[in-house]
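Summary of structural features
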Amino acid sequence: MKVSKTLILLATISMSYSCASRKEANPFLSDFTTKYGVPPFDKIKLSNYDPAVIKGIAEQNKRIDKIINNKEQPTFKNSIQAFDESSPILNRTTAIFMNMIDADTNDSLTALSMKLAPILTEQSDNIYLNQNLFVRIDNVHQNENRENLTTEQKRLTDKIYRNFVRSGANLTPEKQTRLREINKELSQLTLAFSNNVLSENNAFNLFIDKESDLAGLPQWYCQSAAEEAKTAGQPGKWLIKLNDASRIPFLQFSAVRPLREKLYTAYINRCNHNDQFDNKQIITKILTLRLEKAKLFGFDCYSNYSLEETMAKNSDNVMKLLHNIWNYSLEKAKIEVAELQQMMDKEGKAEKIEAWDWPYYTEKIRSAKYNLSDDEIKPYFKLENVRNGAFECAHRLYGITITPLKNISVYEPDVNAYEVNDSDGSQLGILYLDYFPRAGKKGGAWMSNYREERKGVRPIICNVASFTKPVGNTPSLLTIDEVETLFHEFGHALHGLLTQCNYAGVSGTNVPRDFVEFFSQLNEHWATDPEVLRMYARNYKTGEVIPDSLIDKIQKQKTFNQGFMTTELLAASFLDMDLHNLKTMDGYDVLSFEKQAMKNLELISAIDPRYRTTYFNHIVGGYDAGYYSYIWSNVLDCDAFETFIEKGIFNKDTANRFRHFLLERGDSEDPMTMYKNFRGSEPQITPLLKDRGMK
Ligand SMILES: [Zn+2]
């Protein structure tokens, strides 16, 4: 044994020597040679991205030329499919690059993203404004019936054709030139916007040095805050940050009102300090350019341009839905705020409830009403148990199994990889879970692809979040919110993993954005179902299954505070729509516009929109005129879950139908058609109102 160990060591040394003396191959330039074709994170260097993007662009141009110069009549295969498969190097590189920018960035990578963004936008414009290419796409699209195309092939053809039109292929040359300028500028502005939000998040530190200022905070929280302070070079103090895991519990538990106010105020004023990280000018410029773009295409406002390809279709339909729910939600929020005020009055404070008091008194009422505190619940929600619970649900519903993969290269030590297999043993894909916060990771949680599914190629998916970290001997214990987030992101992952499409352009989660949250939100319904809780929620110390009394309390408080939750969500959706419904930017001022928009809604003063304009990352990051998607999809998921309730939440027949008609289909058919195939009718709004306790 000793001998072979030495030999391996020698071999390693000589290999690394010979590698260092030669020019190392850029891993992006060919298919990854790793097992399962996963990204070789240990071999990827910062210096690989730039040349891979350049090579990727050259490769794509070559393949596009081949499509154009084909002497044969344009067909689905030689034009549409060839286009869908035209950029393997670029896809491989940008998929990893974009994921790293979100999950594991640093100053050099951020700087590189600023450099590459305009290059990638220009490439995209070069392709979508390429007249010779468009002629062939258009030809296949117009003559769809010449070939015997499947529904999926027709859908892909239509999607690609519409992408060309919406990217300006039908515009005059003058308008195309202007469109290019707009796109290039927008790509830089949107990146600068979200980089500013990240910088502000990281820059904020609230150091507490008096023990009395920890009043009300649970012990686990103080422990973790002490550890944060130590890492930040200030041992003996406690550090509070703006990320959810640090901010939310502080606002819920801190009895020190001025500190709550300080933290809350810092949070809602991100990128609003008239300094180098201020986003007011950037968002104004973004909105101005978007409006100009919409007008180039003959639309009166940006939202109608943006919504054309969604389930909602146009701004009117979105506004109608938002208004329909708004009155129910505001009414419930008003009842809630009165209760909070009463609670505050009882404490003898002759003060008015403010936004930074809402979580604190809500927590008090929650424990008084339901005698249920996060502290009591959390021991039953050890991260690993919750994760296994989500896996087990997927197993019982769809028969799939998820097994940890050892010896696989990851980009950070706390990232884990899994193999996902179908009931017949065939591989469905690879899943990465990256669950803990770190500097360089964006806030919030999301699912993404490293590789998209198409015929013969299985997807590589990741879930990223910032859950409470383990501290000392205490494992990561999740709040109910975090439990639901885990199930939510895993729902997206299932949508990505179970897809069975032939073409990447319509596979997996490549669906309209107001349809995509349906799958994740539906999966949340299992997270706190009594039957499911008994399956996975076990005390991390004793192994005891969660008692029925606790399950009962969890069920009873499901609709608690939903007035607030729905109202802040809708307020942000209205803000997003109002910004993109603008028909002129004359006289637009970020802060006064926002104030007026909330006044129009008669929003109560103790609630702010879930995101304010200067840090509303969704509306610059692909959810422009799209934040409503969450509530839109919520109508669908509540309606669909009724079907599961009818025959039992693990009913095989219902699960099979859901898998077959929806999960597997990606964007290969019209979403409403797929939904009706599963449900038998269009969704109704009542299940959502009931679910949120508003009816
Ligand atoms: Zn989601």
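Residues numbered from 1 in each chain as written. Predicted model: local features only at pLDDT ≥ 70, side-chain atom pairs only at ≥ 80, totals over all residues. Heavy atoms only, no water.

1. With respect to the packing of aromatic side chains
Formally: Each aromatic pair joins two rings of Phe, Tyr and Trp (for Trp, the six-membered one) with centres within 6.5 Å, and gets the label stacked for planes under 30 degrees apart, edge-to-face for over 60, and tilted for any other angle. Only DSSP runs of H or I reaching four residues or more are called helices, and only runs of E reaching two or more are called strands; each is numbered from the N terminus. With a 1.4 Å probe rolled over the protein chains alone, any residue whose accessible area is under 20% of its type maximum counts as buried; one over 50% counts as exposed, and the rest are partly exposed. Sitting over a ring, as applied to charges here, requires NZ of Lys or CZ of Arg to be within 6 Å of the ring centre and within 35 degrees of the ring normal.
All told, the structure shown has 49 aromatic pairs when counted by the stated rule. Measuring from ring centre to ring centre gives 5.4 Å for Y370 and F560, while their planes differ by 70°; the resulting arrangement is edge-to-face. On the criterion of sequence distance, the pair formed by Y370 in helix α15 (residues 358–370) and F560 in the loop between α21 (548–556) and α22 (562–581) is long-range, its members being 190 residues apart. Since its relative accessible area comes to 14%, F560 is described here as buried. Ring pairs connect the aromatic residues F515, F518, F519, W526, F641, F644, F658, Y675 and F678, which therefore count as one cluster. Against the face of F207 rests K237, its NZ or CZ located 6.0 Å from the ring centre.

2. A short note on the coordination of the zinc ion
Ideal values for angles at a metal depend on the geometry: 109.5 degrees with four tetrahedral donors, 90 or 180 degrees with six octahedral donors. What counts is decided by this rule: Note on donors: an N, O or S atom is included if it sits within 2.8 Å of the metal, or within 3.2 Å for Na, K and Ca, and water is never included, so sites can look incomplete.
Binding of the zinc ion to the protein goes through H488 (NE2), H492 (NE2) and E517 (OE), at separations of 2.1 Å. For the zinc ion, the donor residues sit on a single chain with the sequence spacing H-x3-H-x24-E. With H488 in helix α18 (residues 480–497) and E517 in helix α19 (residues 513–527), this pair connects stretches of sequence that are 29 residues apart. Owing to a relative accessible area of 9%, H488 belongs among the buried residues under this scheme. Judged by relative accessible area, which is 5%, E517 ranks as buried.

3. Looking at the environment of E228
Note on placement: E228 falls in helix α9 (residues 219–231). Given a relative accessible area of 34%, E228 falls into the partly exposed group. A sequence separation of 61 residues divides E228 from L289, and the C-alpha atoms of the two residues are 41 Å apart.

4. Some thoughts on the pairing of strand β5 (residues 427–434)
Counted only if it meets this: Only strands joined by at least two bridges in the DSSP assignment are considered to pair.
The element β5 is extensively covered by neighbouring structure, given that seven of its eight residues are classed as buried. With seven bridges joining them, strand β4 (residues 415–421) and β5 adopt antiparallel strand pairing. When the sheet's bridge partners are listed, N416 is paired in β5 with L433. If you look at the hairpin formed by β4 and β5, you'll find five residues sitting between the two strands, and G425 has a positive phi there, around 90°. Both β5 and strand β7 (residues 460–464) contribute to a ladder of five bridges, which runs parallel. Bridge pairing in β7 links L433 to N463.

5. So, the nonpolar core
Going by this rule: Definition used in this section: a nonpolar core is a set of buried Ala, Val, Leu, Ile, Met, Phe, Trp, Tyr and Cys residues joined via side-chain atoms within 4.5 Å. Between two residues, a contact is recorded if the distance between any of their heavy atoms is within 4.5 Å.
Counting 168 residues, the largest nonpolar core has F381, F487, F518, W526 and F658 as its most contacted members. For this core, the element with the most residues is helix α14 (residues 315–346), which contributes twelve residues. Excluding anything up to four places from it in sequence, F518 contacts S633, L636, D637, A640, F658, L662 and Y675. Core analysis: the next-biggest nonpolar cluster, separate from the first, contains 31 residues, L405, Y411, A417 and V464 among them.

6. Details of the sheet that holds β4
Rule in force here: Think of each axis as a best-fit line through the C-alpha atoms, taken over the contacting stretch in the case of a helix, with angles from 0 to 180 degrees between the N-to-C directions.
One open sheet holds the five strands; their spatial order is β3-β4-β5-β7-β6, and the pairing between them is mixed. Strands with a single pairing partner mark the edges of an open sheet, and in this sheet they are β3 (401–405) and β6 (446–451). Pairs of neighbouring strands in the sheet enclose a mean axial angle of 30°, with direction left out of account. Where β3 meets β4, five bridges bridge the pair, whose relative direction is antiparallel.

7. Regarding unusual backbone geometry
Positive phi outside glycine occurs at C271, with the angle close to 60°. Summarising the element assignment, C271 is placed in the loop between α11 (257–268) and α12 (280–296). Classification of C271 by relative accessible area gives buried; the value is 0%. Positive phi is not limited to glycine here, since E602 has a value of about 55°.

8. Some thoughts on the side chain of T499
So the rule is basically this: Identification of polar contacts relies on pairs of N or O atoms within 3.5 Å, with a donor-acceptor requirement for protein atoms, meaning one able to donate a hydrogen and the other able to accept it, and with residues adjacent in sequence counted only if both atoms are side-chain atoms.
Locating T499 in the fold gives a position in the loop between α18 and α19. In terms of polar contacts, T499 uses its side chain to reach the backbone amide nitrogen of G508, at 2.9 Å.

9. Here's the deal with the packing of α14 against helix α25 (residues 629–647)
Here is the rule: Any angle between 65 and 115 degrees counts as roughly perpendicular, while under 35 counts as roughly parallel, over 145 as roughly antiparallel, and the rest as oblique. Under the grouping applied here, Gly and all other residues not named as nonpolar or charged are polar, the nonpolar ones being Ala, Val, Leu, Ile, Met, Phe, Trp, Tyr, Cys and Pro and the charged ones Asp, Glu, Lys and Arg.
At a minimum axis separation of 10 Å, α14 and α25 run at an interaxial angle of 70°. In terms of orientation, α14 lies roughly perpendicular with respect to α25. From α14, N317, L321, L322 and I325 reach across to α25, where they touch I631, W632 and V635. Across the contact of α14 with α25, the residue classes tally to six nonpolar, one polar and no charged.

10. Describing the pattern of salt bridges
What counts here: Salt bridges are identified by distance alone: a Lys or Arg side-chain nitrogen within 4 Å of an Asp or Glu carboxyl oxygen.
Overall, the coordinates contain 44 salt bridges when judged by the stated rule. For the salt bridge of E59 with R63, the shortest nitrogen-to-oxygen distance reads 3.9 Å. Placement of both E59 and R63 in helix α2 (residues 46–69) is noted, with a separation of four residues, approximately one turn of the helix. Here E339 makes a salt bridge to K369, at a shortest N to O gap of 3.2 Å. Remark: K369 occurs in helix α15 and E339 occurs in helix α14; sequence separation between them is 30 residues.

11. Some points on the state of the cysteines
To be explicit about the condition: Pairs of cysteine sulfur atoms within 2.5 Å are what we label disulfides.
Enumeration over the complete set of coordinates arrives at zero disulfides. Looking at C393, it has no disulfide partner, and the nearest cysteine sulfur is the one in C638, 17 Å off. Note on C393: relative accessible area 2%, which makes it buried.

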